[in-house]
Amino acid sequence: MRIAHLILTRRFAGSERHAVELANAQSAEHEVWLILRQSAADSRADAFADRVDPRVRLLLVPDWLPFWHAARALRRIRPDVAHAHLSGACRALHGVKGLCLRVATLHIRYKPRQHARLDALVAVAPWQLAGIPPALRARTEQIDNWVLPGHPAPGARARLRAENGIPENAWVFGAVGRTEHSKGFDLLMDAFNAAGMAEAWLVIIGHGPELARLRRRAGPRVLLPGFSRAPRDWMAAFDGFVNAARSEPFGLVLLEAMQSGLPIIATRTQGALHLAGCMHPALTPLGDKAALAQALADMARTRPARRNYPIERFAIGEKLAQLEAFYRRELAHAGSNIQSHGAAARQELAEPAQRVPGLTVMVLTLNEARRLPACLRSASFAEQLLVIDAGSTDDTVAVARACGAQVQVHDDWQGFGVQRTRALAYCRQASYIFCLDADEEITPELQAEIAAVVASGEQAVWKLRWLPVAFGRPLRGMGTGSGMPRLFHAACLQGYEGAVHEQAQLTPGTPVRRLRHKLPHYSYDSVQDGLKKLTQYALLGASKRAAQGQRGGVLRGLASGAVFFLRFYVLQRGFLSGGYGFLYCYLLAQERFLRYAALKYDRQLLHDRIKR
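Residues numbered from 1 in each chain as written. Predicted model: local features only at pLDDT ≥ 70, side-chain atom pairs only at ≥ 80, totals over all residues. Heavy atoms only, no water.

Colleague: What's the story with the sheet that holds strand E7 (residues 140-142) in this structure? I'm lost.
Modeller: Whenever strands of a sheet pair, they do so through backbone hydrogen bonds, lying parallel or antiparallel. Read from one edge of the open sheet, seven strands run E3-E2-E1-E4-E5-E6-E7, paired in parallel fashion. Each edge of the sheet is formed by a strand with only one pairing partner; in this case those strands are strand E3 (57-61) and E7. When strand polarity is set aside, the average angle formed by the axes of neighbouring strands in this sheet is 20 degrees. With five bridges joining them, strand E2 (residues 31-37) and E3 adopt parallel strand pairing. Looking across to E3, one finds that Leu34 is bridged to Leu58. (Pairing = 2+ DSSP bridges. Helix = DSSP H or I, 4+ residues; strand = E, 2+ residues; numbered from the N terminus. Axes fitted to C-alpha atoms, helices over the stretch in contact; angles between N-to-C directions.)

Here it is in structure tokens:
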């Protein structure tokens, strides 16, 4: 099943944790996409794009009108299920009616403007069902939140207490959540001060719009460290957990407190009442500062021990099975109203691709764990999947093997030509070899065309053209030149030469044919990714030219970049793709300029083993 999750917020909190953990878990069995806004990948502690599993296809959309860009992305992905989280994501689903099954999780409550026009809903707590209109309630499933297994870092309790000046024998009340009015942290601080507990401390972990104001009014023994990427470590440093919320739909933090075994005080929110049967908290009325102060004082006086809570019912495996059954039920109910893949594509999802005997697909990799699953899935029709890795430090090798690929590691990088020639040694049983990059995917139409070539037995080489995909958008109106040789009869391919943009060495007289369908090439996921690749390929290109004795310089670089930009932006119609096309052509032209600048000013640093 192809599933796309959308959450278009900027900062990490409970709903973001839910969406990311769900996408990560589902990617073990399904093709899963996660659509986030660009700022979710910023270099901030509370950004969260880096929490996404490499098996998930991550797609970042611009921060301006993100719901519009997300809807456009869904039309390209064409998922079976689009699952929205929070308001911006729901708004994106309004524009793709009939494309796929449109589902939203009620992280807070039913809101007609967000949810009324969707196909189905997931409620995280039973109380939410009452607010849903009867017709849509029939299309709603109640599925509890979950808590993933995990443990604090060794020594976390002692370390955090020492770093924050908390005495070893102090009783520490802890609270975790976004610092906003609904969480009641102002009420909690007032109740803590009113309780007058000499040896107690209060620590509130989280960030949000009220953090600065709360810090200004914090009294002695009240700490607000801000956002933490390791909340389990703080749970280990706490002795008791407090949820003073004015409203809490479910309370994922309550599950985390239960997992840590902490005794719990909670206000009578909907979420706390839903979990009360297994949590057994000290419940206080909503907004009642005196009652909360008394509950804090009682816990500080009695100092209850940690507990073992029955949290087995909140394991994610059971929730995944429940959610998948819900998806399939609602897909069957939607029937002909959904055009997503159609019957033929659903059959394709249910059955593995038929292998093409005699075909090897080879892929060169270096730290490609995030993109590799989609690449290898698109090539799963080949009899042999061969990955030649250049010494990845991420999970590339493990991901490749999990996808059924044969993996060979050659970490003494000597250029693309040498690496591809090495790969040929592992293709001795192949009749045909297709060279694929980790940022490319073979479409079903191209698969069929390749299979037909292999069935023909013709000894030739076949060129194809790219379909550039940049910043999440296919640049369909753009030409890509005469094409590049990618499919070879094994008897015709002798090896490769060149450190970058390597050339295939063919048997003399080998006929050259052309494949009709294009190969999607995911050139730049983001501007940041584009700048990184620009640097790599500029140095590789400069190294190649240095070995050939060429000269560089600023004027030569400007001329090369300008000619290249005009060629791609004007002659090959990059302008038809608007701002995306301009940025794509500009980055490519900038690479050409820097290639000749490095050739002159960094010549002594260039060599043929510059890393990819």
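Colleague: Before we go on, may I ask you to explain the environment of Arg139 in this structure?
Modeller: Mapped onto the fold, Arg139 is located in the loop between helix H5 (134-137) and E7. For Arg139, a relative accessible area of 19% gives the class buried. Along the chain, Arg139 and Leu121 lie 18 residues apart, while their C-alpha atoms are 6.5 Å from each other. Beyond its immediate chain neighbours, meaning those up to four positions away, Arg139 contacts Asp119, Ala120, Leu121, Phe326, Arg329, Glu330 and His333. Separated by 3.4 Å, the side chains of Arg139 and His333 make a polar contact. (Buried < 20%, exposed > 50% of the residue type's maximum accessible area, 1.4 Å probe, protein only. Contact = heavy atoms within 4.5 Å. Polar contact = N/O pair within 3.5 Å; in protein donor to acceptor, adjacent residues only side chain to side chain.)

Colleague: Sorry if this is basic, but what is going on with the packing of aromatic side chains here?
Modeller: One pair of aromatic rings is described through two measures. These are the centre distance and the angle between the planes. Here the structure, examined in full by the defined rule, presents 15 aromatic pairs. Their ring planes at 20 degrees and their centres at 6.4 Å tell us that Phe416 and Tyr537 sit as a pair that is stacked. In this pair, Phe416 is assigned in helix H17 (residues 416-424) and Tyr537 in helix H19 (residues 527-547), connecting sequence segments 121 residues apart. Judged by its relative accessible area of 26%, Tyr537 is partly exposed. (Phe/Tyr/Trp six-rings, centres within 6.5 Å; stacked < 30°, edge-to-face > 60°.)

Colleague: Before we go on, may I ask you to explain the packing of helix H1 (residues 14-26) against helix H13 (residues 316-334) in this structure?
Modeller: For any two helices packed against each other, one specifies the inter-axial angle together with the distance between the axes. The contact between H1 and H13 brings their axes to 11 Å, and the two run at 80 degrees. One finds that H1 runs roughly perpendicular with respect to H13. Together, Glu21, Leu22, Ala25 and Gln26 of H1 and Ile316, Leu320, Leu323 and Tyr327 of H13 make up the contact between the two elements. Each residue belonging to the contact of H1 with H13 can be placed in one class, and the counts come to six nonpolar, one polar and one charged. (Parallel < 35°, antiparallel > 145°, perpendicular 65-115°, else oblique. Nonpolar A, V, L, I, M, F, W, Y, C, P; charged D, E, K, R; others polar.)

Colleague: What should I look at first to understand helix H2 (residues 66-77) in this one?
Modeller: In an α-helix, one full turn covers 3.6 residues, which means residues spaced three or four apart are oriented alike. The end-to-end C-alpha separation of H2 is 16 Å, in line with the 16 Å expected for twelve residues at 1.5 Å each. Along H2, the residues classified as buried are Pro66, Phe67, His69, Ala70, Ala71, Ala73, Leu74 and Ile77. Where the residues of H2 are buried, they touch strand E1 (2-6), E2, E3, strand E4 (81-85), helix H3 (87-94) and helix H21 (578-601). (Expected span 1.5 Å × (residues − 1).)

Colleague: In this structure, what is going on with the pairing of strand E9 (residues 200-205)? I would like to understand it.
Modeller: On a regular strand, one side chain projects to one face of the sheet and the next to the other, so that they alternate. Where burial is concerned, most of E9 is hidden: six out of the six residues are buried. Residues Ala200, Leu202 and Ile204 of E9 are buried on one face, and the alternating residues Trp201, Val203 and Ile205, pointing to the opposite face, are buried as well. Sheet topology note: the strand E8 (residues 171-176)/E9 ladder contains six bridges and is parallel. In the sheet register, Val176 faces E9, and the bridge partner there is Ile205. Crossover connection from E8 via helix H7 (residues 185-195) to parallel E9: handedness right-handed. (Right-handed = clockwise from strand over helix to strand, strands pointing away.)

Colleague: Before we go on, may I ask you to explain the pattern of salt bridges in this structure?
Modeller: Side chains that differ in sign of charge can pair as their charged atoms come close. Here the structure, examined in full by the defined rule, presents 37 salt bridges. We note a salt bridge from Arg329 to Glu141, for which the minimum N-O separation is 3.3 Å. Pair noted here: Arg329 is in helix H13 and Glu141 is in strand E7, with a separation of 188 residues, a long-range link. With a closest N to O distance of 2.9 Å, Asp144 and Arg313 form a salt bridge. With Asp144 in the loop between E7 and helix H6 (156-163) and Arg313 in the loop between helix H12 (289-302) and H13, the pair connects residues that are 169 residues apart, well separated along the chain. By relative accessible area, which is 35% here, Arg313 ends up partly exposed. (Salt bridge = Lys/Arg side-chain N within 4 Å of Asp/Glu carboxyl O.)

Colleague: Is there a simple way to explain the environment of Asp144 in this structure?
Modeller: Since its relative accessible area comes to 7%, Asp144 is described here as buried. With 19 residues separating them along the chain, Asp144 and Ala125 place their C-alpha atoms 6.2 Å apart. A distance of 2.9 Å separates a polar atom in the side chain of Asp144 from a polar atom in the side chain of Gln142. Here Arg313 takes part through its side chain, which lies 2.9 Å from a polar atom of the side chain of Asp144.

Colleague: Would you explain unusual backbone geometry in this entry?
Modeller: Peptide bonds are, in most cases, trans, and in most cases residues other than glycine have a negative phi. Residues other than glycine seldom take positive phi values, yet Arg221 does so here, at roughly 65 degrees. Structurally, Arg221 can be placed in the loop between helix H8 (211-217) and strand E10 (222-226).

Colleague: What exactly am I supposed to notice about the packing of helix H20 (residues 554-571) against H21 here?
Modeller: One way to put it is that H20 packs onto H21 with a least axis distance of 8 Å and a crossing angle of 160 degrees. Classed by the angle they form, the pair H20 and H21 counts as roughly antiparallel. Considering how the two elements wind past one another, H20 and H21 form a crossing that is right-handed. Packed against H20, whose contacting residues are Val554, Arg556, Gly557, Leu558, Ser560, Gly561, Phe564, Phe565, Phe568 and Tyr569, the element H21 presents Gly581, Phe582, Cys585, Tyr586, Leu588, Ala589, Arg592, Phe593, Tyr596 and Tyr601 at the interface. Of the residues that constitute the contact of H20 with H21, the class distribution is 14 nonpolar, four polar and two charged. (Left-handed = near helix turned anticlockwise from the far one by under 90°.)

Colleague: Just to check I follow, could you spell out the state of the cysteines for this structure?
Modeller: Simply put, disulfide is the name for a covalent bond between the sulfur atoms of two cysteines. All told, the structure shown has zero disulfides when counted by the stated rule. Take Cys427: it sits in no disulfide, and the sulfur closest to it among the cysteines is that of Cys435, at 8.0 Å. (Disulfide = S-S within 2.5 Å.)

Colleague: In this structure, what is going on with the pairing of E10? I would like to understand it.
Modeller: By the criterion of burial, E10 is predominantly enclosed, with four of the five residues buried. In this structure, E9 lies alongside E10, joined through three bridges in parallel fashion. Bridge assignment links Val203 to a residue of E10, and that residue is Leu223. With H8 bridging E9 and its parallel neighbour E10, the resulting β-α-β unit is right-handed.

Colleague: Before we go on, may I ask you to explain the sheet that holds strand E11 (residues 240-243) in this structure?
Modeller: The strand order E10-E9-E8-E11-E12-E13 describes an open sheet built from six strands, whose pairing is parallel. The outermost strands of the open sheet, each flanked by one partner alone, are E10 and strand E13 (282-284). Strand-to-strand twist across the sheet, computed as the mean angle between neighbouring axes with direction ignored, equals 20 degrees.

Colleague: Would you mind going over the side chain of Arg102 with me for this structure?
Modeller: Relative to the helices and strands, Arg102 is located in strand E5 (residues 101-106). At a separation of 2.6 Å, a polar atom in the side chain of Arg102 contacts the main-chain carbonyl oxygen of Arg117. Setting aside chain neighbours within four positions, we find Arg102 in contact with Ala82, Leu93, His94, Val96, Lys97, Arg117, Leu118, Asp119 and Ala120.

Honestly, it's all geometry; don't read function into it.
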